[in-house]
Amino acid sequence: MAETSDQAMGTGEHSRRDFLTILTASAGAIALGATVWPMIDALAPDAQSDASGQMIVNVAGVAENTGIAVQWAGLPIYIRRLTAKQIADNRNLVQSSLPDPARFKSRVKPGYDNFVVVVGLNTGISCALEGNTPGEPRGPYDGWLSPCDGSAYDPLGRVRRGPARKNLVIPRFTFLDAAQIQFL
Amino acid sequence: MNTDVKPSWMASRMPCLGGWWAGLTTPSMAREAPYLAVLPWLITAGLVFLTASGLVLAVYYNPADAFASRQFIAREVNNGWLIEGFHATGTTLVFAAAYLLLLRGMLARSYRAPGELVWLLDIVAFALLLLVGWLGFALTGGAAGYWSVMNATNAAMLLPGALGALGTWFFGGPDGPGTLARLLVLHIALALVIFFILWLRHGAKKAATPLPAPALRVAFHPYYTAQYFVALVVSALIGCVLLFFYPHFGQSPLNNVPGGPLALATGAGVPWYLAPLAGLSALFHGTYGGILGLAAGLVLLLALPWLDRSGPGRRAGGLWRLLTWVLALDVLGLGWAACGAAGGLSGLLVVVFGAWYFLHFLVLTPIVTALEAQ
């Protein structure tokens with residue numbers, strides 16, 4: 001009885017007005033979303049930053065036992081091509097002898113194990129590492145040396161002498177082919 | 001519908017929310033309002049929209065290299081072209097509503113007691129809107145905007161006494177490399193001041209409007225929200241047509257050339273909503289002529305409650321209404337002529353239409369209203 005009169009008044013739970021209210025509110029919500037979404041999306045990185053974030057670096061010209069430095073995401077990135085001796089020396093180290101144990105395989109990409117790509121910042125006191133440009137001291141492990149606190153790294157970027165206790169950070173990147181790497 | 005306000009989880013913890021909702025759903029408003037009574041609300045909604053799109057633009061805008069950063073926004077930023085369109089078209093809609101609000105106020109004579117304060121706040125908000133609109137036009141970095149800033153700073157610097165000091169403070173000296181950075185801050189800050197003025201206007205309007213008998217009242221929600229929703233949808237439709245088919249509506253093509261000392265803009269080159277004022281300021285010559293015309297145009301609007309000699313409670317006569325409509329056409333014509341649309345006749349037409357504006361307020365308004373009141 002009550003329900004019938006409700007429906008006649010158009011105010012019941014399943015009335016036509018109820019349906020129209022839901023329909024109007026949904027259309028309004030969709031329109032609002034369609035208007036607001038472009039503005040939120042515009043705050044995402046613009047095309048230029050997006051492209052520079054996915055920088056491609058040509059590494060074909062990097063000679064053995066030398067490195068290059070590039071800037072990516074506001075960080076100095078060191079890219080070094082290893083010699084056969086450096087690979088052999090570092091492939092089978094006893095893990096427990098390292099301050100921050102890491103296998104050789106975890107420091108290079110499969111198939112391109114003569115390339116090491118690291119963020120060139122000391123993990124102790126944060127400062128740029130020496131040893132990437134020719135003539136700079138590389139430290140006792142033939143890798144990189146921190147001029148600030150004396151931490152020494154091996155050619156794979158693993159810390160070998162403190163006070164730093166973490167290995168060098170490896171940025172996100174992938175080999176497109178033997179000549180090009182792309183940061184992601 | 002159940003109008004009992006049950007304290008919800010939120011309302012029991014933050015009672016002001018419950019009070020707010022109760023205020024919206026308690027019958028407290030007249031049973032019906034004219035459709036165009038929605039205009040102040042539409043202007044507020046438009047300003048919210050402009051604030052949102054403006055915030056996004058401000059993220060990427062660079063006042064040191066204004067024109068190039070606008071190209072960057074249009075080409076490199078995700079949906080940047082659309083956000084620019086939002087901001088430009090939103091401005092057109094807000095100004096259309098603002099001009100309509102003034103026309104409606106004059107036709108309905110709502111500026112007379114006890115509505116003078118509402119009218120004064122309307123004009124203050126309108127003047128601020130014009131200023132913010134002009135600042136936005138200046139920020140485009142186009143040739144027309146560049147010369148507009150140059151002329152405005154020069155005139156403001158040269159004003160004597162306190163006004164000159166104010167001008168110097170506002171522009172920070174002659175037009176230079178830092179001017180646009182300063183104008184950007186003022187563009188944003190003054191836009192927020194408009195919200196405050198509209199809030200004051202809302203209070204003044206409420207105080208000036210007599211409440212109907214309790215039995216004749218309805219609640220804001222859903223009765224007024226439904227009406228406002230329809231108005232919003234209609235404006236959004238108009239906005240979409242403008243945005244997608246006429247994205248540069250009312251803008252001078254001169255402004256699509258980067259501003260600089262060698263890119264000379266001919267004519268006013270201002271967007272449509274500034275054009276009538278540009279016409280008024282072109283009426284007077286000399287160093288202070290532009291500012292004089294601008295100020296006179298706005299002061300006459302402010303003075304309207306006292307220029308109307310009809311006394312309280314009188315209905316508007318037919319002649320007054322006709323004259324108001326003629327004034328609306330006159331303002332349109334003034335803007336049209338000020339943009340140089342009439343070719344060689346533009347200069348003459350600006351004088352004719354501008355003279356009619358002053359004639360309307362200073363001579364016709366007092367005489368006609370006094371005659372019709374008898």
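Computed from a predicted model, the values in this text were never measured in an experiment.

## Things to note about the overall build of chain B
Helices and strands together make up the secondary structure of chain B, namely 14 helices and two strands. On C-alpha atoms alone, chain B measures out to a radius of gyration of 23 Å, which is about the 21 Å that the 2.2 N^0.38 rule sets for 374 residues. Dimensions of chain B, computed from C-alpha atoms along their principal axes, come out at roughly 70 × 60 × 45 Å. Every one of the 374 residues in chain B was classed for burial, and the buried ones make up 43%. Taking all contacts inside chain B whose residues are at least 6 apart in sequence as the whole, residues at least 24 apart take part in 78%. For chain B, the exposed area adds up to about 19400 Å²; of that, 73% sits on carbon and sulfur atoms.

## Focus: the sheet that holds strand β4 (residues 115-119) of chain A
Residue and element names in this part refer to chain A. Reading across the sheet, the three strands line up as β2-β3-β4 and stay open at both edges, with antiparallel pairing between neighbours. Each having just a single partner strand, β2 (67-72) and β4 make up the two edges of the open sheet. Averaged over all pairs of adjacent strands, the angle between their axes in this sheet comes to 20°, without regard to strand direction. Relative to β4, strand β3 (residues 75-81) runs antiparallel, the two sharing five bridges. From the neighbouring strand, Arg 80 faces β4, where its bridge partner is Val 116.

## Quick word on the nonpolar core
All names here are of chain B. If you look at the biggest cluster of nonpolar residues, it comprises 70 residues, and the most contacted ones within it are Ile 43, Leu 47, Trp 119, Leu 183, Leu 301, Tyr 357 and Phe 361. At 15 residues, helix α6 (residues 116-139) tops the list of elements feeding residues into this core. Residue contributions to this core reach at least three from each of two domains, namely domain 1 (29-274) and domain 2 (308-374). Every residue in contact with Tyr 357, bar those within four places of it in the chain, is listed here: Leu 280, Gly 297, Leu 300, Leu 301, Leu 327, Asp 330 and Val 331.

## Let's talk about the domain arrangement of chain B
Residue and element names in this part refer to chain B. Parsing chain B into structural domains produces domain 1 (29-274) and domain 2 (308-374). Carbon and sulfur atoms supply 60% of the area buried between domain 1 and domain 2, which totals about 1100 Å² over both sides. Summed over the three residues of domain 1 that lose the most area to domain 2, namely Met 106, Leu 107 and Arg 109, the buried surface amounts to 53% of that side. Our count for the contact surface shared by domain 1 and domain 2 stands at one salt bridge. For Asp 308, the salt bridge is made with Arg 109, and the minimal N-O distance between the two is 3.4 Å. Where domain 1 meets domain 2, there are four residue pairs in polar contact (both at pLDDT 80 or more). Residues of the side of domain 1 that touches domain 2, tallied by class, amount to six nonpolar, no polar and two charged.

## Some thoughts on the environment of Gly164(B)
Residues and elements named next belong to chain B. Tracing the backbone shows Gly 164 in helix α8 (residues 161-171). On the basis of relative accessibility, which here comes to 5%, the residue Gly 164 falls in the buried class. Counting along the chain gives 33 residues from Gly 164 to Ile 197, while the straight-line C-alpha distance between them is 25 Å. Ignoring any residue separated from it by four or fewer positions in sequence, one finds Gly 164 in contact with Ala 156 and Leu 159.

## Description of the interface of chain A and chain B
Between chain A and chain B, the residue contacts involve 13 residues of the former and 15 residues of the latter. In total, about 1200 Å² of surface goes out of reach between chain A and chain B, with carbon and sulfur atoms giving 66% of it. For chain A, the biggest contributors to the area lost against chain B are Met39(A), Ala42(A) and Asp46(A); these three give 41% of the whole. Put simply, chain A and chain B have zero salt bridges between them. The interface formed by chain A and chain B holds eight residue pairs in polar contact (both at pLDDT 80 or more) in total.

## What about the environment of Lys166(A)?
Relative to the helices and strands, Lys166(A) is located in the loop between β7 (159-161) and β8 (173-175). With sequence-adjacent residues up to four places away left out, Lys166(A) is seen in contact with Asp100(A), Thr123(A), Tyr153(A) and Val159(A).

## Here's the deal with the packing of helix α3 (residues 39-60) of chain B against helix α5 (residues 80-108) of chain B
Residues and elements named next belong to chain B. Across the interface, α3 lies against α5 with an axial gap of 9 Å and an inter-helix angle of 160°. Here α5 runs roughly antiparallel to α3, going by the angle between their axes. Crossing of α3 against α5: the hand is left-handed. Counting all contacts with α3, which are made through Leu 39, Pro 40, Ile 43, Gly 46, Leu 47, Phe 49, Leu 50, Ser 53, Gly 54, Val 56 and Leu 57, the residues of α5 involved are Ile 83, Glu 84, Phe 86, His 87, Gly 90, Thr 91, Val 94, Ala 97, Ala 98, Leu 100, Leu 101 and Arg 104. In terms of residue class, the contact of α3 with α5 is built from 15 nonpolar, six polar and two charged.

## Let's talk about unusual backbone geometry
The step from Ala113(B) to Pro114(B) runs through a cis peptide bond, and the omega angle for that step is 0°. Inspection of the secondary structure assignment puts Pro114(B) in the loop between α5 and α6. Between His221(B) and the following residue, Pro222(B), the backbone shows a cis peptide bond with an omega angle of 10°. Along the polypeptide, Pro222(B) turns up in helix α10 (residues 220-245). Located in the positive-phi region is Asn65(A), a residue other than glycine, with phi close to 65°. Note on placement: Asn65(A) falls in the loop between β1 (56-58) and β2. On the basis of relative accessibility, which here comes to 30%, the residue Asn65(A) falls in the partly exposed class. Look at Ala73(A): it is not a glycine, yet its phi comes out positive at around 55°. Note that Ala73(A) resides in the loop between β2 and β3. Looking at Ala73(A), the relative accessible area reads 60%, which means it is exposed.

## Observations concerning the pairing of β3(A)
Residues and elements named next belong to chain A. Across six bridges, β2 lies against β3 in antiparallel orientation. If you follow Val 70 over to β3, its bridge partner there is Ile 77. Following β2, the chain reverses through two residues before pairing antiparallel with β3; Ala 73 in that reversal takes a positive phi of roughly 55°.

## With respect to empty space enclosed by the protein
All names here are of chain B. Applying the stated rule across the entire model yields one cavity of 30 Å³ or more. Empty space within the largest cavity amounts to approximately 80 Å³. For the largest cavity, the full set of lining residues is Ile 43, Ala 98, Leu 101, Leu 102, Asp 122, Ala 125, Phe 126, Leu 129, Ile 194 and Leu 198. Mapped onto the lining of the largest cavity, the elements with two or more residues apiece are α5, α6 and α9 (179-208). Considering each element in turn, the lining of the largest cavity owes the most residues, four residues, to α6. Classifying every residue of the lining of the largest cavity gives nine nonpolar, no polar and one charged.

Here is what the cut-offs are and how they apply
- Residues numbered from 1 in each chain as written.
- Chains lettered and ligands numbered in written order.
- Predicted model: local features only at pLDDT ≥ 70, side-chain atom pairs only at ≥ 80, totals over all residues.
- Heavy atoms only, no water.
- Helix = DSSP H or I, 4+ residues; strand = E, 2+ residues; numbered from the N terminus.
- Rg over C-alpha atoms; globule rule 2.2 N^0.38 Å.
- Buried < 20%, exposed > 50% of the residue type's maximum accessible area, 1.4 Å probe, protein only.
- Contact = heavy atoms within 4.5 Å.
- Areas by Shrake-Rupley, 256 points an atom, 1.4 Å probe, with all protein chains shown as cover.
- Pairing = 2+ DSSP bridges.
- Axes fitted to C-alpha atoms, helices over the stretch in contact; angles between N-to-C directions.
- Core = buried A, V, L, I, M, F, W, Y, C linked by side-chain atoms within 4.5 Å.
- Domains from an automatic or database assignment.
- Buried area = accessible area lost by both parts, 1.4 Å probe.
- Salt bridge = Lys/Arg side-chain N within 4 Å of Asp/Glu carboxyl O.
- Polar contact = N/O pair within 3.5 Å; in protein donor to acceptor, adjacent residues only side chain to side chain.
- Nonpolar A, V, L, I, M, F, W, Y, C, P; charged D, E, K, R; others polar.
- Parallel < 35°, antiparallel > 145°, perpendicular 65-115°, else oblique.
- Left-handed = near helix turned anticlockwise from the far one by under 90°.
- 1 Å grid on protein atoms, 1.4 Å probe; cavity = no way out; pocket = protein on both sides within 12 Å on 5 of 7 lines; lining within 4 Å.
- Points joined across faces, edges and corners; volume = space filled by probe spheres on them.

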